[in-house]
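Structure at a glance
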Amino acid sequence: MFEADPPRRYRLASGYVGRLSNLIEFDTQVAIASDGLRQQPAAAPASARALMLGDSFVFGWGVAEGQDVASLLDAQLPSLRLRNAGTPGFGPPDQVAWLEAHGLTRPLELLILAPYLGNDLLDATASYGDNRIVDGLVGDLAPPDGMLPKLDRASHLLRFLKRRVSLDQHLALRRRLGLPAPASMIHHVDFLRGHALAPNALIVEGRRNTRQAMRRLKTLSERFGFSVMVVLIPHRAQVNRSMWRYVFRQVALDPSGYDPTVPERFFSAVAEEHGFPVLNLAPIFRRHRARRDGRLYFRYDEHWTPRGHALAASHILPFVRRAWPPGPVRVEARADARPAWNRGPL
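Residues numbered from 1 in each chain as written. Predicted model: local features only at pLDDT ≥ 70, side-chain atom pairs only at ≥ 80, totals over all residues. Heavy atoms only, no water.

**A look at the overall build of the chain**
What counts here: In this description a helix means any DSSP run of H or I spanning at least four residues, a strand means any run of E spanning at least two, and both kinds are numbered starting from the N terminus. Any residue under 20% of the maximum accessible area for its type is buried, any over 50% is exposed, and the rest in between are partly exposed; the area is computed with a 1.4 Å probe on protein chains only. Throughout, a contact is declared for two residues whenever any of their heavy atoms are within 4.5 Å. The protein chains shown are the only cover counted for residues, whose accessible areas, like all others here, come from Shrake-Rupley with a 1.4 Å probe.
Along the chain, the regular secondary structure elements total 14 helices and 12 strands. By residue count, 53% of the 346 residues in the chain fall in the buried class. Intrachain contacts of the chain at a sequence separation of at least 6 include 75% that bridge at least 24 residues. Element-wise, carbon and sulfur atoms account for 54% of the exposed surface of the chain, whose accessible area totals about 15,600 Å².

Quick look at the structure:
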């Protein structure tokens, strides 16, 4: 599904057709069009004048074609024609580099940039993640070698047994078998790095690279005459109090040094600095979570379900209609209304 794209890291492979599944919650077909974007149900014509740029959330990891947020918006904006330009694993520097190399081959009027608050600051660094292409998959997604890692990844029996032992017992057994820490634990540690009140060197680098990417995007928008809007996509633990607490139990860290609103305040401030209107979806998803309005994220995979994509699209659509064509800079659903379970200065 991926191919190398030097001097950039990688891109979606044009013409790819295949399936994505986590064996439990979804099994969906994916098709990549000839221009390297995820295919939409009715192929968007050459007159498409808008792009939604982001990572696997925008791409629609786990949902069928037509259920992703970009396709839902496109159905409501027929005169503009919005294409899905999401690529799993991309942070803002990758997204802007892709745009400059591949996304400006036809006239563009509107770009919706959708940073993911969970790990985009890590994805904005040069040293985070394995970016090799292995059999068409990015290294981090490639199946591990050896029988034990493959069983650990795919055995339903092992998954059942893991949930019957304590975390300490689970980790001790993995060490004895020579297995790395569980992917979920690595994911939780990485997630919390971006929420620390005292950021480490990787997050400082990610913030610096993100600011540079935003400056480059501002220059491109002025040069090619398109408008930019920013939509912030929250991680599940940023909108779910019990999930936030669960993450800290998993990694045995003190929550007093972390704040779930740190990345949303950073991205909102950077967008405002460059005059881009911002819609922060985190407070919106918190309100819906408080009402227990259906499952918005997959339980195990943690990407949006079709219901999550639909909720996002229902709020992005009026935001686009109010803020485009461009006018005064606005910020909606501000990060100032912090969740009560953790507060702290940035």
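**Focus: empty space enclosed by the protein**
Under the convention used in this document: Both cavities and pockets are sets of points on a 1 Å grid over the protein atoms alone; in a cavity a 1.4 Å probe fits but cannot get out, in a pocket the set is open with protein on both sides within 12 Å along at least five of seven lines, and lining residues sit with an atom within 4 Å of a point. Grid points are joined across faces, edges and corners, and a volume is the space filled by probe spheres set on the points. Any residue that is not Ala, Val, Leu, Ile, Met, Phe, Trp, Tyr, Cys, Pro, Asp, Glu, Lys or Arg is counted as polar, Gly included; the first ten are nonpolar and the last four charged.
Summed over the entire model, instances satisfying the criterion amount to 1 cavity of 30 Å³ or more. Space inside the largest cavity adds up to approximately 50 Å³. As for the largest cavity, its lining consists of Tyr-116, Leu-117, Gly-118, Asn-119, Asp-120, Leu-121, Leu-122, Asp-190, Gly-194, Ile-203 and Pro-263. For the lining of the largest cavity, the per-class residue count stands at 6 nonpolar, 3 polar and 2 charged.

**Comments concerning the packing of aromatic side chains**
For clarity, the cut-off: Stacked, tilted and edge-to-face are the three classes applied to pairs of Phe, Tyr and Trp rings, where Trp contributes its six-membered ring and a pair requires centres within 6.5 Å; stacked means planes under 30 degrees apart, edge-to-face means over 60, and tilted covers the rest.
Applying the stated criterion across every chain, the model contains 12 aromatic pairs. When the centroid spacing of 5.1 Å and the interplanar angle of 70° are considered together, the rings of Trp-244 and Phe-248 count as edge-to-face. Residue Trp-244 and its partner Phe-248 are located together in helix 11 (residues 241-251), separated by 4 residues, close to a single helical turn. As far as burial versus exposure is concerned, Trp-244 and Phe-248 are alike and both buried. An aromatic cluster of at least three residues, connected via ring pairs, comprises Phe-57, Tyr-116, Phe-285, Tyr-297 and Trp-304.

**Quick word on unusual backbone geometry**
A negative phi angle characterises most non-glycine residues, just as the trans form characterises most peptide bonds. Along the chain, Pro-6 connects to Pro-7 via a cis peptide bond; the corresponding omega equals 5°. Checked against the element boundaries, Pro-7 lands in the loop between strand 1 (2-4) and strand 2 (10-12). Its identity as a non-glycine residue notwithstanding, Ala-252 has a phi of 55°, on the positive side. Within the fold, Ala-252 resides in the loop between helix 11 and helix 12 (262-273). Even without being glycine, Glu-302 reaches a positive phi, approximately 75°. Assignment of secondary structure puts Glu-302 in the loop between helix 13 (281-290) and helix 14 (306-323).

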